[in-house]
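# Examination of the molecular architecture
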Amino acid sequence: MATTSGSGDSNAVVSGRKHLGIPQAVFVEDVIAFMKQPGNETADLVLRRLDEQYQKYKFMELNLSQKKRRLKSQIPEIKQTLEILKHMQKKKDSTNPMETLFLLADNLYAKASITPTDKVCLWLGANVMLEYDIDEARALLEKNLTTATRNLEGLEEDLDFLRDQFTTTEVNMARVYNWDVKRRSSEAASKSTA
């Protein structure tokens, strides 16, 4: 966790690795000094700002989780397509057609007889399909698999970093709130004795 001393900008980001542009939450070590900084006039204002930051982190988590889900479903599809290409590569020198079932819709398959070929068509997305040699298609899919796996690992690191920012922000909110409660009770006690 990052720490701050009593002085400095309350929005300062401690230097370190940027995680997809996620700002690093700064741990408020000295609440009294933090509350004396410009822009921190009232606890309500600071708590509102911290809550806004917390909500931004939640939004980022939602987006990253969706990307992670998408990649987790994409990786098995790429692996399955690679396995099919490897099988087709083995059979391309054969003269016998290959019998297979192919997916028409969810749980609906059709029988097909595929003559040996050295060409395949790959869906690239956005309703685009291109014809490739089997070797080119395999190279492309292996590159896509490597990229997707690397992106998934990066997303998991970013989600872990984001969870740390949640914790830091929640702790900061609790510390500022507790400081405000103590301040109000001490003000109330000094007014009652006066």
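Residues numbered from 1 in each chain as written. Predicted model: local features only at pLDDT ≥ 70, side-chain atom pairs only at ≥ 80, totals over all residues. Heavy atoms only, no water.

- Going by an unreviewed UniProt entry, the chain carries the name Prefoldin subunit 3 and comes from Scyliorhinus torazame.
- Listed in UniProt under the heading Function (unreviewed entry), the comment for the chain reads: "Binds specifically to cytosolic chaperonin (c-CPN) and transfers target proteins to it. Binds to nascent polypeptide chain and promotes folding in an environment in which there are many competing pathways for nonnative proteins."
- Taken directly from UniProt, the Sequence similarities (unreviewed entry) text for the chain runs: "Belongs to the prefoldin subunit alpha family." (UniProt positions renumbered as here; feature names shortened; annotations may be inferred.)

### Section: a nonpolar patch on the surface
- Taken together, L101, L103 and Y109 make up a surface patch of nonpolar side chains, about 340 Å² in accessible area.
- Inspection of the secondary structure assignment puts L103 in strand β1 (residues 98–105). (Patch = residues over 30% accessible without salt bridge, like charges linked within 9 Å, V, L, I, M, F, W, Y side chains within 5 Å. Areas by Shrake-Rupley, 256 points an atom, 1.4 Å probe, with all protein chains shown as cover. Salt bridge = Lys/Arg side-chain N within 4 Å of Asp/Glu carboxyl O. Helix = DSSP H or I, 4+ residues; strand = E, 2+ residues; numbered from the N terminus.)

### Considerations on the nonpolar core
- I22, Y57, L64, L85, V120, A137 and L141 are the most contacted members of the largest nonpolar core, which has 26 residues in total.
- Of all the secondary-structure elements, those providing two or more residues to this core are α2 (43–91), β3 (119–125) and α3 (134–193).
- Beyond its immediate chain neighbours, meaning those up to four positions away, L64 contacts L20, I22, L155, D158, L159 and L162.
- Membership of the second largest hydrophobic core comes to nine residues, among which are F34, A43, L47 and L50. (Core = buried A, V, L, I, M, F, W, Y, C linked by side-chain atoms within 4.5 Å. Buried < 20%, exposed > 50% of the residue type's maximum accessible area, 1.4 Å probe, protein only. Contact = heavy atoms within 4.5 Å.)

### Description of the layout of surface pockets
- In this structure, the largest pocket encloses a volume near 830 Å³.
- For the largest pocket, the lining is made up of 24 residues, of which E77, T81, C121, L122 and W123 are closest to its centre.
- Looking at the lining of the largest pocket, the elements with two or more residues in it are α2, β3 and α3.
- For the lining of the largest pocket, a count of residues per class yields 15 nonpolar, seven polar and two charged. (1 Å grid on protein atoms, 1.4 Å probe; cavity = no way out; pocket = protein on both sides within 12 Å on 5 of 7 lines; lining within 4 Å. Points joined across faces, edges and corners; volume = space filled by probe spheres on them. Nonpolar A, V, L, I, M, F, W, Y, C, P; charged D, E, K, R; others polar.)

### Quick notes on the pattern of salt bridges
- Here the structure, examined in full by the defined rule, presents ten salt bridges.
- The shortest N-O distance in the salt bridge between K68 and E156 comes to 3.9 Å. Placement of K68 in helix α2 and of E156 in helix α3 is noted, with a sequence separation of 88 residues between them.
- Relative accessible area serves as the criterion here: at 31%, E156 is assigned to the partly exposed category.
- Between R138 and E142 there is a salt bridge, with its nearest N and O atoms 3.3 Å apart. Here R138 and its partner E142 are both found in helix α3, four residues apart, which amounts to about one turn of the helix.
- A residue is classified by how much of its surface remains accessible, and R138, at 25% relative accessible area, is partly exposed.
- Each of D180, R183, R184 and E187 takes part in salt bridges that share partners, so that together they form one network.

### Focus: the packing of aromatic side chains
- Applying the stated criterion across every chain, the model contains two aromatic pairs.
- A centroid spacing of 6.3 Å and a plane angle of 85° characterise the contact between Y57 and F166, whose relative ring orientation is edge-to-face. Taken together, the residues Y57 in helix α2 and F166 in helix α3 connect sequence positions 109 residues apart. Both residues of the pair, Y57 and F166, count as buried. (Phe/Tyr/Trp six-rings, centres within 6.5 Å; stacked < 30°, edge-to-face > 60°.)

### Quick word on the packing of α2 against α3
- Contact geometry for α2 and α3: axes closest at 7 Å, N-to-C directions at 160°. Taken together, α2 and α3 sit at an angle that is classed as roughly antiparallel. For the crossing formed where α2 meets α3, the hand is left-handed.
- Looking at side-chain class alone, the contact of α2 with α3 contains 28 nonpolar, eleven polar and 17 charged residues. (Axes fitted to C-alpha atoms, helices over the stretch in contact; angles between N-to-C directions. Parallel < 35°, antiparallel > 145°, perpendicular 65-115°, else oblique. Left-handed = near helix turned anticlockwise from the far one by under 90°.)

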